Amino acid sequence: MTDKATSDLWWKNAVIYCADVATWLDSDGDGTGDLAGMTRRLDYLWGLGINTLWLMPFYPSPLGDDGYDITDYYAVDPRLGTLGDFVEMIRTADNLGIRVLVDLVMSHTSNQHPWFLRSRRDRGSRYRHFYRWSDTKQAEPREVAFPGEQDSTWTYDDEAGQWYMHRYYDFMPDLNITDPDVLDEMHKVLGFWLELGVDGFRVDSLPFMIETVGTDAKDQPVTYLRSLVEFLERRRGNAIFLGEANVSPQEQQGYFAADGGDGVQMLFDFRTCAAQWLAHARGSASPLIGALESRRPHPEQAQFANFCRHHDELNLGLLSDDEREEVFAAFAPEPEHRVYGRGIRRRLASMLGGDQQRIRMVLALTMALPGTPVLLYGDEIGMGEDLSLPGRLAVRNPMQWSAGPGGGFTASDQPYRPVHAEGPAGYRAVTWPPSVTNPARSCRGQPTPSGCAARARNSAGASGASSTSATRACWASRPAGASTR
C-alpha cells in the first residue's frame, strides 16, 4: 500500500476512544454528563494521542437499554444538550484533529418511537410495514440475545392485535429491513449526521440488523447493508462504518464484502479479544497467535478493530466452554462478575487486580496488534467498575477526573450514576511520570496506552507486518516477573 493510500484510509492509523456523553463530564451541575462537558475535555483526548472519538448513543430515549432504544434519530437527548451543542463539539474536535464516530442503531427502535406508535395503531398506516408483525407467534430464531433477562423474541401487542418481533428486549421492536421506506429513512438518518460533520458510524448488532427473520423475504437476498454502504460512500467518500459482529472468521467475510459489493470498512474482532484474555489467563501467547493466524484476508480498504474491553460485557462466546471457564476463573471468579453465561462485567483494572504492570502490558498488547486499537474511557487511568449497577451498566460508570467529591465528574449530590472516587470501584492505578508530557507522540517513555499509539500506527495495522511477530514482540516486552494470573 502506498503512503498516499495509507493517508486516505485514515481508519487504518486511528486510535479510537469510546466515551458516553452522559457519563463523561457534567458541565451544568445537574448530575448528568453533557455535550458541553464532552467539548470541554476534548483536549484531554488530544493529549493522550487519541485521533478518533466514538460516542455512545446520545439520541432521545426512554433509557430502557441505556440509549440503544431510540425515539428520534434526528435529535439530541435534551438531558445532554442540543444540536447546537453537538455542532460545537464537532467543530472543536475538528480543530484538534479528532474525528468523531457516532453510535447508530439501525436494527430496532424504542416502542415509544413515533413510527412504532403509528404502526401499532393502524394496519393501513405506511408505518405498519416498518416493523415485523405477524398474526401468529413464529418460531424463535436461534438463541435470545440476553439469556436470563429475555424469554422470547415475539411479543403480542393488544392494540395492534398482532405479534411483533424483537431480537432484544420487548420494548425494542425490530425494523423490517425489506421495506423500501425503512431503507430510505435510514439513508436520511445517515445523511443528516454526515451533514453535521461526523466521520462515520459504529453500527450496532450487524448480524441481527441484516437478517430477514419475521419478514416476507424468506430466503431472498436483501441488500440492506450494501445499500447503506453505497449511500455512505456517495455522500462522503472517507466516512466509515465500524461494525459490531461477534462471528467466526468465516462469517466476517460477509460483512467486509456485502452482497457482491463493498461492506463495512471496519469490524470489531471479538475472536482476537477473547483469545487475548485466554492467553493472559494461561500466561502463553499461543491462543492469541492462533486467533491472529486464523484471520481471513480482507479487502485492502478494510481493517480489524482490536479491543481488550469495551462498553458491553467482555463477550467470551467464541471460546469453548472449558476455555471460557479458564478466563472466568482467572478474571471473574465471583458469580456477580459474570453476565449472560458468556461475559464478564468488570473493567480492565479490577480484572487485573489494579496491578500497573499487568494493566500496561494488556493495553500495550492491544495497541501492538495488527489493526486499529479501541480504548474504553477510563481504562487509561485504571478506573474500576461499579457492580451495584445491573448487567453491562457496571462498566458504564462516570468518568473519574479527580479523587474529590463526585470524582470530578459532577458537583451534584445526585449524579446520573454513582461515582466512586476511592475503593475497589475507584481504581486510579495507572500514573504516568511527569516528564512524559505528551506520551502519545513517543514510544520511548513509559508504556502507557497512548504511548504505544505511534507504535500501533506504524505496526501491522497499517503496514501489513506479520501478526505473529508483532504478538511475540509485545509478549517479549512485558515487564520482568509480571504475573498473568
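Residues numbered from 1 in each chain as written. Predicted model: local features only at pLDDT ≥ 70, side-chain atom pairs only at ≥ 80, totals over all residues. Heavy atoms only, no water.

Let's talk about the confidence of the model for the protein
Any residue range with low pLDDT should be treated as having predicted coordinates unsuitable for detailed reading.
Working step 1: Residues of the protein with pLDDT of at least 70 account for 84%, and the chain-wide mean is 86.
Working step 2: Note on residues 429-485: pLDDT under 50 across the span, and 114 contacts to partners over four residues away in sequence or across chains. (pLDDT = per-residue confidence, 0-100. Contact = heavy atoms within 4.5 Å.)

Describing the sheet that holds strand S13 (residues 343-344)
Working step 1: Sheet architecture is open: three strands sit in the order S11-S13-S12, paired in antiparallel fashion. The outermost strands of the open sheet, each flanked by one partner alone, are strand S11 (314-315) and strand S12 (338-339). (Pairing = 2+ DSSP bridges. Helix = DSSP H or I, 4+ residues; strand = E, 2+ residues; numbered from the N terminus.)

Observations concerning the pattern of salt bridges
Working step 1: Applying the stated rule across the entire model yields 25 salt bridges.
Working step 2: Between Arg226 and Glu230 there is a salt bridge; the shortest N-O distance is 3.0 Å. Of this pair, Arg226 and Glu230 are both found in helix H8 (residues 224-235), four residues apart, which corresponds to roughly one turn of the helix.
Working step 3: Here Arg295 and Asp269 are joined by a salt bridge, their closest N and O atoms 2.7 Å apart. (Salt bridge = Lys/Arg side-chain N within 4 Å of Asp/Glu carboxyl O.)

A few points about the sheet that holds strand S8 (residues 240-243)
Working step 1: Spatial strand order, S1-S2-S3-S7-S8-S9-S10-S14: eight strands in a closed barrel with parallel pairing. Direction aside, neighbouring strands of the sheet carry axes that sit 25 degrees apart on average.
Working step 2: Bridge analysis of strand S10 (residues 303-307) against strand S14 (residues 372-376) gives three bridges, and the strand direction is parallel. The residue bridging Ala305 from the neighbouring strand is Thr372, located in S14.
Working step 3: Across the sheet, helix H4 (residues 83-95) touches strand S2 (52-55) and strand S3 (99-104), and the angle it forms with S3 is around 140 degrees.
Working step 4: Strands in contact with helix H9 (residues 249-256) are strand S9 (266-268) and S10; relative to S9, the strand with the most contacts, it is inclined by about 150 degrees. (Axes fitted to C-alpha atoms, helices over the stretch in contact; angles between N-to-C directions.)

Remarks on the packing of aromatic side chains
Working step 1: Considering all chains together, one arrives at 29 aromatic pairs under this definition.
Working step 2: For the ring pair Trp24 and Tyr44, a centre distance of 6.3 Å and an interplane angle of 50 degrees mean the geometry is tilted. Of this pair, Trp24 sits in the loop between strand S1 (16-19) and helix H2 (35-40) while Tyr44 sits in helix H3 (residues 42-48), placing them 20 residues apart in sequence.
Working step 3: Of the residues examined, Tyr44 reaches a relative accessible area of 22% and is grouped as partly exposed.
Working step 4: Taking the centre distance of 5.5 Å and the plane angle of 15 degrees together, the rings of Phe116 and Trp133 count as stacked. Within this pair, whereas Phe116 is found in helix H5 (residues 114-121), its partner Trp133 is found in strand S4 (residues 133-134), the two being separated by 17 residues in sequence. In this pair, the class of Phe116 matches that of Trp133, namely buried.
Working step 5: Through pairs of rings, three or more aromatic residues link up here, namely Phe58, Tyr59, Tyr74, Phe86, Phe192 and Trp193.
Working step 6: The ring of Tyr127 carries the charged tip of Arg126 above its face, separated from the ring centre by 4.9 Å.
Working step 7: Between the NZ or CZ atom of Arg347 and the centre of the ring of Tyr377, over which it lies, the distance is 4.8 Å. (Phe/Tyr/Trp six-rings, centres within 6.5 Å; stacked < 30°, edge-to-face > 60°. Buried < 20%, exposed > 50% of the residue type's maximum accessible area, 1.4 Å probe, protein only. Lys NZ or Arg CZ within 6 Å of the ring centre and 35° of its normal.)

Quick look at the pairing of S10
Working step 1: With respect to burial, S10 is a largely interior element, five of its five residues being buried.
Working step 2: Every second residue of S10 is oriented toward a common face, with Gln303, Ala305 and Phe307 on one face and Phe304 and Asn306 on the other, all of them buried.
Working step 3: In the sheet, S9 pairs with S10 via three bridges, with the strands oriented parallel. Pairing of Phe268 across the sheet is with Ala305, part of S10.

As for unusual backbone geometry
Working step 1: Positive phi values are uncommon outside glycine, yet Asp66 reaches one of about 55 degrees.
Working step 2: The backbone phi angle of Tyr340 is positive, close to 60 degrees, even though this residue is not glycine.
Working step 3: Mapped onto the elements of the fold, Tyr340 is located in the loop between S12 and S13.
Working step 4: Classification of Tyr340 as buried rests on a relative accessible area of 11%.

Comments concerning the pairing of S8
Working step 1: Of the two faces of S8, the one carrying Ile240 and Leu242 and the one carrying Phe241 and Gly243 are both buried.
Working step 2: Summarising the sheet, strand S7 (residues 200-203) and S8 pair through four bridges and their orientation is parallel. Across the sheet, residue Val203 finds its bridge partner in S8, namely Gly243.
Working step 3: Pairing analysis gives two bridges linking S8 to S9, with the strands arranged parallel. From the neighbouring strand, Leu242 faces S9, where its bridge partner is Met266.
Working step 4: For the segment spanning S8, H9 and S9, crossover handedness is right-handed. (Right-handed = clockwise from strand over helix to strand, strands pointing away.)

Considering the nonpolar core
Nonpolar side chains tend to gather and get buried jointly when the protein is soluble and globular.
Working step 1: Counting 117 residues, the largest nonpolar core has Tyr17, Trp24, Phe86, Met106, Phe201, Phe241 and Trp277 as its most contacted members.
Working step 2: Looking at this core, the element that brings in the most residues is helix H6 (residues 180-195), giving seven residues.
Working step 3: Sequence-distant contacts of Trp277, defined by excluding residues within four places in its chain, comprise Cys308, Leu314, Val327, Phe331, Leu348, Met351, Leu352 and Val362.
Working step 4: Counting eight residues, the second-largest nonpolar core is a separate cluster that includes Phe146, Tyr168, Tyr169 and Phe208. (Core = buried A, V, L, I, M, F, W, Y, C linked by side-chain atoms within 4.5 Å.)

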